[in-house]
Amino acid sequence: ALGSAVATLRRIQDQAQAVARGDLSDPLLDEPLPGPLGAVVHASVQEVVHAVRQRQELQSALTHEATHDPLTGLPNRAQALALITSALHRGRRSGQMTGLLFVDLDGFKAVNDAHGHACGDEVLRTVAGRMSAAVRPGDVVCRLGGDEFVVLVEAVPDEHDLQQLGDRLIAAVSETVDFDGQHVAVGASIGIATSRDAGTDADVLLAEADTAAYRAKRRGRGRTEMFDEALRLQLQERAELEAAIGAGLAAGEMHLHY
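A quick note: this is a predicted structure, and the numbers were derived from the prediction, not measured.

Q: I'm lost on the sheet that holds strand β3 (residues 148-156) in this one. Help?
A: Reading across from one edge, β2-β3-β1-β6-β7 is the order of the five strands in this open sheet, with mixed pairing throughout. The open sheet has two free edges, formed respectively by β2 (140-145) and β7 (224-226), since each of these has just one partner strand. Put simply, the sheet's adjacent strands are angled 25° from each other on average, direction ignored. In this sheet, β3 lies alongside β2 in antiparallel orientation, the contact comprising five bridges. From the neighbouring strand, V140 faces β3, where its bridge partner is L152. Sheet strands in contact with helix α6 (residues 159-174) are β1 (97-106), β3, β6 (187-194) and β7, and its direction is about 160° off that of β6.

Here's what the structure looks like:
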């Protein structure tokens with residue numbers, strides 16, 4: 001009897017240690033313990049395990065909600081910036097190029113205006129799925145908000161590969177979407193930026209890709225544009241102009257004439 005009691009206590013100790021380690025998948029936790037004391041202790045262990053699992057599931061769900069877009073399930077803007085930052089760090093260590101494609105939908109507002117927001121939501125969900133299917137394994141599609149998406153590409157062999165990916169995305173996005181018996185269509189204008197030096201950060205890369213997408217829209221939509229030195233100078237001049245205007249306002253140098 002004493003030997004049996006000692007064995008039971010050892011098994012209780014083993015189960016308690018598994019819970020303390022957080023090893024909730026240990027088969028030992030599912031084994032019943034002999035005797036009345038063992039039954040009570042095992043029931044208590046099962047309650048603890050259930051409570052911990054529920055808490056972990058809730059934490060996981062809350063984390064997912066905080067970092068993902070509820071409509072499409074894609075990473076949201078905050079998570080996109082975090083992912084871009086991590087990718088740039090890896091690219092600096094490995095010496096490989098990191099690419100970012102800024103995808104701005106063409107004609108999305110017209111779909112919302114003509115068919116309603118429910119149709120617009122279905123278009124966004126469909127577009128998100130098509131883009132995710134068109135990229136390589138390991139590439140990440142994110143939704144920034146509204147009708148703006150980005151695609152993060154690591155270990156880019158050549159800028160031409162990013163342009164080819166942009167063409168595939170445009171083709172995938174441009175296919176019609178069926179909604180309530182109607183066929184609706186949108187397009188996409190894509191700007192592409194790449195990491196060029198250790199000074200590039202996530203905000204800068206995103207701004208460069210956004211600027212290239214704006215040029216794609218101005219040049220006819222439904223096309224890809226690379227961020228180049230000309231656009232870099234435009235961004236620099238705009239930043240300098242904004243700074244000069246701010247300084248001029250602060251110094252009272254602006255005068256209004258009717």
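Q: Any chance you could explain helix α7 (residues 202-218) here in plain terms?
A: For an α-helix, 3.6 residues make a turn, and residues three or four places apart therefore share a direction. In this model, α7 (17 residues) spans 25 Å end to end at C-alpha, consistent with the 24 Å of a helix rising 1.5 Å per residue. All of the buried residues along α7 are A202, L205, L206, E208, A209, T211, A212, A213, R215, A216 and K217. With a side-chain oxygen lying 3.3 Å from the backbone nitrogen of D203, the N-terminal cap of α7 falls on D201.

Q: So what exactly am I meant to see when it comes to helix α4 (residues 108-115) here?
A: Those residues of α4 not exposed but buried are F108, V111 and N112. Burial along α4 is one-sided: seen end-on, the buried residues are contained in an arc of 95°. More than 90 degrees from the buried face of α4, the exposed residues found are K109, D113 and A114. Buried residues belonging to α4 abut β1 and α5 (117-134). Directly beyond the C-terminal end of α4, a positive phi value near 100° is found at G116.

Q: How should the nonpolar core be read in this particular structure?
A: Burial of nonpolar side chains together is a common tendency in soluble globular proteins. Core analysis: the largest hydrophobic core is formed by 31 residues, its most contacted members being V151 and L169. Counting only elements with at least two residues in this core, the list comes to β1, α4, α5, β3, α6 and β6. No other element matches the seven residues that α5 contributes to this core. Beyond its immediate chain neighbours, meaning those up to four positions away, V151 contacts G99, L100, L101, V103, M131, V135, V140, V141, L165 and L169. With 19 residues, the next largest nonpolar core counts I84, A87, L205 and A212 among its residues.

Q: Whenever I open this one, the packing of α7 against helix α8 (residues 229-250) confuses me. Can you help?
A: Two quantities define a packed helix pair, namely the angle between the helix axes and the distance between the axes. Two numbers describe how α7 lies on α8: the axes approach to 10 Å, and their chain directions differ by 110°. Between α7 and α8, the angle is such that the two are roughly perpendicular. Of the residues in α8, those in contact with E208, T211, A212, R215 and R218 of α7 are L231, R232, Q234 and L235. By residue class, the composition of the contact of α7 with α8 is three nonpolar, two polar and four charged.

Q: Looking at this structure, I do not really get a nonpolar patch on the surface. What am I missing?
A: Residues L241, I245, L249 and M254 make up a contiguous nonpolar surface patch of roughly 390 Å² in combined accessible area. According to the relative accessible area criterion, I245 is partly exposed, its value standing at 38%.

Q: What is the right way to look at the packing of α5 against α6 in this model?
A: One can describe the packing of α5 onto α6 by two numbers: an axis separation of 9 Å at closest approach and a directional angle of 145°. The element α5 and its partner α6 pack so that their crossing is right-handed. Contacts from V127, R130, M131 and A134 of α5 reach α6 at L165, R168, L169, A172 and V173. Within the contact of α5 with α6, the residues separate by chemical class into seven nonpolar, no polar and two charged.

Q: Can you help me understand unusual backbone geometry in this one?
A: Most of the time, phi is negative for any residue but glycine, and the peptide bond is trans. Of note in this structure, A155 is not a glycine but carries a positive phi near 50°. The phi torsion at D180 lies on the positive side, around 55°, for a residue other than glycine. Take D180: its relative accessible area is 68%, and that puts it in the exposed class.

Rules and cut-offs
Residues numbered from 1 in each chain as written. Predicted model: local features only at pLDDT ≥ 70, side-chain atom pairs only at ≥ 80, totals over all residues. Heavy atoms only, no water. Pairing = 2+ DSSP bridges. Helix = DSSP H or I, 4+ residues; strand = E, 2+ residues; numbered from the N terminus. Axes fitted to C-alpha atoms, helices over the stretch in contact; angles between N-to-C directions. Contact = heavy atoms within 4.5 Å. Expected span 1.5 Å × (residues − 1). Buried < 20%, exposed > 50% of the residue type's maximum accessible area, 1.4 Å probe, protein only. Polar contact = N/O pair within 3.5 Å; in protein donor to acceptor, adjacent residues only side chain to side chain. Arc of directions from axis to C-beta. Core = buried A, V, L, I, M, F, W, Y, C linked by side-chain atoms within 4.5 Å. Parallel < 35°, antiparallel > 145°, perpendicular 65-115°, else oblique. Nonpolar A, V, L, I, M, F, W, Y, C, P; charged D, E, K, R; others polar. Patch = residues over 30% accessible without salt bridge, like charges linked within 9 Å, V, L, I, M, F, W, Y side chains within 5 Å. Areas by Shrake-Rupley, 256 points an atom, 1.4 Å probe, with all protein chains shown as cover. Salt bridge = Lys/Arg side-chain N within 4 Å of Asp/Glu carboxyl O. Left-handed = near helix turned anticlockwise from the far one by under 90°.

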